[in-house]
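Structural overview for review
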Amino acid sequence: MKATETKLKGCFVLEPTIHEDERGFFFESYNHKDFCEAIGQEVNFVQDNFSFSTKGVLRGLHYQKGEYAQGKLVSVLKGRIQDVVVDLRKDSPTFAQHLSIELSEKNKKQLFVPKGFAHGFLVLSETAHLFYKCDNYYNKEAEEGIKYDDKHLMIDWQMASDHILLSERDKRWQTTLPI
């Protein structure tokens, strides 16, 4: 596995070692020891989530606050997404900066999103199947979000807003960063 830290400290792109031949391919999608060694910290995942969405669905930007903050390891099993994270750690030199990366079944990349980040994704293919590990349990009362089109973030979502599908909850998020 190759781990590359992004411009946002603590956020890593992970690329597996793929063994491929005429029969297909094999790769180890997660190995606790190798993962922790690659990112330089101990992370214990306690919850796995699966998400299915159709083209144009944008989920996010979500985060859990306080003691319920979650780190995530995101991967795409089928399809293609634009994955976006926003650094909400007030003491971070990259506070309020975002990162956008394409994750797909083809590139097999994973994104490790540490605690203190908002996370969202937009489905670019006809459908997408996401699988992600969380290092803390979901708590409905701790859930927060930032509207996807926050004018301060200026995220290029690679799709016209009239083609983006949002949940009612995601439509109600505020358009300013939490301070």
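Remember, predicted model here, so these are calculated numbers, not experimental data.

**Remarks on the overall build of the protein**
Counting its secondary structure elements, the protein contains two helices and 13 strands. The C-alpha extent of the protein, read off along each of the three principal axes, is 50 × 35 × 30 Å. For the protein, buried positions account for 48% of its 179 residues. The long-range fraction of contacts in the protein, counting pairs at least 24 apart against all pairs at least 6 apart in sequence, stands at 79%.

**Describing the sheet that holds strand β8 (residues 80-87)**
The strand order across the open sheet formed by five strands is β9-β8-β11-β6-β13, and the pairing between neighbours is antiparallel. Of all strands in the sheet, those bounded by a partner on one side alone are β9 (98-104) and β13 (143-145). On average, adjacent strands in this sheet sit at an angle of 25° to one another, irrespective of strand direction.

**Description of the nonpolar core**
Formed by 20 residues in total, the largest nonpolar core has its most connected members in Cys11, Ile81, Val85, Leu103, Leu111 and Leu130. Among the elements that line this core, the one with the most residues is strand β12 (residues 127-134), at four residues. Ignoring anything within four residues of it in the chain, the contact list for Leu103 reads Val74, Val76, Gly79, Arg80, Ile81, Asp83, Lys109, Gln110 and Leu111. Ranked by size, the runner-up nonpolar core spans 17 residues in total, among them Leu61, Tyr63, Val86 and Ile155.

**Observations concerning the layout of surface pockets**
The volume enclosed by the largest pocket comes to roughly 390 Å³. His62, Lys72, Tyr132, Glu143 and Arg169 are, among the 23 residues lining the largest pocket, the residues nearest its centre. Mapped onto the lining of the largest pocket, the elements with two or more residues apiece are β5 (47-54), β6 (58-64), β11 (117-123), β12 and α2 (168-172). With five residues, the single largest contributor to the lining of the largest pocket is β6. Residue composition of the lining of the largest pocket, by class: nine nonpolar, nine polar and five charged. Considering only enclosed or pocket space, the second largest pocket measures out at about 230 Å³ in volume.

**What to know about empty space enclosed by the protein**
Across all of its chains, the model carries one cavity of 30 Å³ or more by this definition. Roughly 60 Å³ of internal volume is contained in the largest cavity. Every residue along the wall of the largest cavity is listed here: His62, Tyr63, Gln64, Ala69, Gln70, Lys72, Val113, Gly116, Phe117 and His119. Breaking the lining of the largest cavity down by element, the ones donating at least two residues are β6 and β11. Here the element with the most residues in the lining of the largest cavity is β6; it accounts for three residues. By residue class, the composition of the lining of the largest cavity is four nonpolar, five polar and one charged.

Calculation notes
- Throughout, a residue's number is its position along its own chain's written sequence, starting from 1.
- Given that the model is predicted, a residue must reach a pLDDT of at least 70 before its local features are reported, and side-chain atom pairs must reach 80 or more before they are shown or counted; all residues, however, enter totals for whole chains, interfaces and linings.
- Hydrogens and water are ignored here; the side-chain numbers use all heavy atoms of the structure.
- Here a strand is any run of E in DSSP of at least two residues, a helix any run of H or I of at least four, and the numbering for each starts at the N terminus.
- Accessible area is worked out with a 1.4 Å probe on protein chains only. A residue is then buried under 20% of its type maximum, exposed over 50%, and partly exposed in between.
- Residues count as neighbours in contact if any of their non-hydrogen atoms are within 4.5 Å of one another.
- Any two strands with at least two DSSP bridges between them are considered paired.
- Between N-to-C directions, angles cover 0 to 180 degrees, with each direction set by a line fitted to C-alpha atoms, over the stretch in contact for helices.
- In this description, a nonpolar core means a group of buried Ala, Val, Leu, Ile, Met, Phe, Trp, Tyr and Cys residues linked to one another through side-chain atoms lying within 4.5 Å.
- Detection works on a 1 Å grid of protein atoms alone, calling trapped sets that fit a 1.4 Å probe cavities and calling open sets with protein on both sides within 12 Å along at least five of seven lines pockets, with lining residues defined by an atom within 4 Å of a point.
- Grid points are joined across faces, edges and corners, and a volume is the space filled by probe spheres set on the points.
- The classification used treats Ala, Val, Leu, Ile, Met, Phe, Trp, Tyr, Cys and Pro as nonpolar, Asp, Glu, Lys and Arg as charged, and all other residues, Gly among them, as polar.

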